[in-house]
Amino acid sequence: MTSPAPTTLPEATVQPGRPPILTIDTPDDAPQWGAAHAPALRAFVAEHGAILVRGLGLRDADQVGAVFRHLAGGPLMPDTEAFAARESYADGVYSSSTWPPNQPMCMHHELSYALTPPGTMMFACLTAPASGGVTGVADATAVLEALPSAMTERFEREGWLLTRSYNDEIGASWADAFGTGDRAAVEEYCRANAIDVAWQSDGGLRTRQRRSAVVRHPVTGARCWFNQIAFLNEWTLAPEVREYLIDVYGEDGLPFNTRYGNGDPVGEDVVRTLNEVYEAHTAREPWQPGDLMLVDNIRTAHSREPYDGPREILVGMADPQKPTDAPTAGGAATR
């Protein structure tokens, strides 16, 4: 069966403080609509960074997966190195990350700590929460320009360091994160992806990986603030959560933390500044059932706000990229 011919995209509404929104009449066949409009949608996202499609009428994971695959124009990516557990619905179609509903997930770029992160993120809403739960978006170039130059210059010079301590209680286990329970396979993956490995006597795993904080967009060449420095830092955690984790696991045993590229701690004031600038540049729109959001993951950060009631958002990743200014694989040692 051949794909339908590309069609012109209806005009989207672009307003300050909201992501671009395209409202359509619910089609008889959502995957077919996605196939026909994929080139236009991707072109729009290349220009604006994101788009929310309202009226598509998405109802189940199979339908969402078909739409995701049409929009991706290629295979969906596996979720490797996940920081929190996800439910897998089909190849490349996942639940949103498991995270306490009352805690925000602040702005970040998905898998920005991986050597080959996704260039495109896709979100589909099957169940909208009673309140909250917005997936906000923020332009990474505008954020970079708004941050204090002394801060960004240091991060651009040194990069940022992600430290992780895998266990079976908090976040994704190392077997879940790497998709295997074979230590040798984990070590091989880490060697190929510039990740330092340290096995613990209790069977746990600690890793360290240095990444670029500022990268150039692979298509436009624009400089983007591209990282998870704020989101995965200890100071973004709720105070009572941070105190509990330090008490149980110690400073060096936090499930994840971020540092300057030379290993120096990132202060609470730096994290506060990052989150304040993100907030000033956040565009948000409450989810409605059946919504689809397409996001340029290099240019556009995303977040998840606290919420009440059931919330079911499915996620797909596509277009693996290797942004310039990224480190070269093979530089990590296993110890």
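In case you missed it, the structure is sitting above this.
Computed from a predicted structure; not experimentally measured.

Q: Would you explain the overall build of the protein chain in this entry?
A: Scanning the protein chain for helices and strands turns up eight helices and 19 strands. In terms of overall size, the protein chain behaves like a compact globule, its C-alpha atoms giving a radius of gyration of 20 Å where 335 residues would be expected to give roughly 20 Å. Overall, the C-alpha framework of the protein chain stretches about 55 × 45 × 40 Å when taken along its three principal axes. The buried share among the 335 residues of the protein chain stands at 54%. Counting contacts in the protein chain only where the partners sit at least 6 residues apart, residues at least 24 apart contribute 80% of the total. The averaged location of the 44 negative side-chain charges in the protein chain is 5 Å from the averaged location of its 26 positive side-chain charges.

Q: Mind showing me how you'd approach the sheet that holds strand β2 (residues 50–54) here?
A: Paired through their backbone hydrogen bonds, the strands of a sheet run either parallel or antiparallel. One open sheet holds the seven strands; their spatial order is β1-β2-β16-β6-β19-β4-β3, and the pairing between them is mixed. Each edge of the open sheet is held by one strand with a lone partner, namely β1 (21–23) and β3 (88–90). Sheet twist, expressed as the average angle between the axes of neighbouring strands with direction ignored, equals 25°. Note that β2 and strand β16 (residues 292–296) share four bridges and pair antiparallel. Note on β16: the bridge partner recorded for L52 is M293.

Q: Can you walk me through the packing of aromatic side chains in this structure?
A: How two aromatic rings sit relative to each other is set out by the distance from centre to centre and by the angle between their planes. Under the defined criterion, the tally for this structure stands at 10 aromatic pairs. Note on F155 and Y260: the rings are 4.6 Å apart at their centroids and 20° apart in plane angle, and the pair reads as stacked. Of this pair, F155 sits in helix α4 (residues 149–158) while Y260 sits in strand β14 (residues 256–260), placing them 105 residues apart in sequence. Note on F155: relative accessible area 0%, which makes it buried. Centroid distance W174 to W199: 5.0 Å. Interplanar angle 80°. Geometry classified as edge-to-face. Of this pair, W174 sits in helix α5 (residues 174–178) while W199 sits in strand β10 (residues 196–199), placing them 25 residues apart in sequence. Stacked on the ring of W199, the Lys or Arg R183 has its end atom at 4.4 Å from the ring centre. The positively charged end of R242 is found above the aromatic ring belonging to W235, 3.8 Å away from the centroid.

Q: Could you clarify how one ought to interpret helix α6 (residues 183–192) in this entry?
A: Since the α-helix packs 3.6 residues into each turn, any two residues three or four apart lie on the same face. Within α6, the full set of buried residues consists of V186, E187 and C190. Angularly, the buried residues of α6 cover 95° about the axis, an arc narrow enough to put them on a single face. Residues of α6 that are buried sit in contact with α5, β10 and β11 (205–211). With a side-chain oxygen lying 2.9 Å from the backbone nitrogen of A184, the N-terminal cap of α6 falls on D182. Immediately beyond the C-terminal end of α6, within one or two residues, lies A194, with a positive phi of roughly 55°.

Q: Looking at this structure, how should I read the nonpolar core?
A: Formed by 49 residues in total, the largest nonpolar core has its most connected members in F83, F123, F155, W225 and L274. Per-element tally for this core: the top contributor is helix α8 (residues 268–280), with five residues. W33, A72, L126 and L294 belong to the second-largest nonpolar core, a separate cluster that totals 29 residues.

Q: Is there a simple way to think about the sheet that holds β10 in this case?
A: Read across the open sheet, the four strands follow the order β10-β11-β9-β14; overall the sheet is antiparallel. What marks the edges here is a single partner per strand, and that holds for β10 and β14. Averaged over all neighbouring strand pairs, the angle between strand axes comes to 15°, with direction disregarded. Where strand β9 (residues 160–166) lies against β14, five bridges are found, and the strand directions are antiparallel. Opposite R164, over in β14, you have F256 as the bridge partner. On the sheet, α6 packs against β10 and β11 and is oriented at approximately 155° with respect to β10.

Definitions and cut-offs
Throughout, a residue's number is its position along its own chain's written sequence, starting from 1. Restriction of local features to residues with pLDDT of at least 70 applies here, the model being predicted, together with a cutoff of 80 or more for giving and counting side-chain atom pairs; totals for whole chains, interfaces and linings are based on all residues. Side-chain measures were taken over the full set of non-hydrogen atoms in the model, leaving aside hydrogen atoms and water. Secondary structure elements are defined from DSSP: runs of H or I of at least 4 residues count as helices, runs of E of at least 2 residues count as strands, and each element is numbered from the N terminus. Just to be clear, the radius of gyration here is over C-alpha atoms, and the globule rule we use is 2.2 Å times residues to the power 0.38. Categorising residues by exposure relies on relative accessible area from a 1.4 Å probe, with only protein chains included: less than 20% of the type maximum marks a residue as buried, more than 50% marks it as exposed, and the intermediate range marks it as partly exposed. Should any heavy atoms of two residues lie within 4.5 Å, those residues are considered in contact. The charge count treats Lys and Arg as positive and Asp and Glu as negative. His and the chain ends do not count. Just so you know, the charge point we use is NZ for Lys, CZ for Arg, CG for Asp and CD for Glu. Here, strands pair whenever DSSP counts at least two bridges between them. Angles here are taken between N-to-C directions and fall from 0 to 180 degrees, while the axes themselves are lines fitted to C-alpha atoms, restricted in helices to the stretch in contact. Paired rings are identified among Phe, Tyr and Trp, the last through its six-membered ring, by centres lying within 6.5 Å, and are further divided according to the angle between planes into stacked (under 30 degrees), edge-to-face (over 60) and tilted (the rest). A ring is considered to have a charge above it if a Lys NZ or an Arg CZ atom is located within 6 Å of its centre and within 35 degrees of its normal. By definition, the arc is the one covered by directions from the helix axis to the C-beta atoms. N or O atoms closer than or at 3.5 Å make up a polar contact, with two conditions inside protein: a donor-capable atom paired with an acceptor-capable one, and, for residues adjacent in sequence, both atoms drawn from side chains. By convention a nonpolar core is built from buried Ala, Val, Leu, Ile, Met, Phe, Trp, Tyr and Cys residues, the set being connected through side-chain atoms within 4.5 Å.

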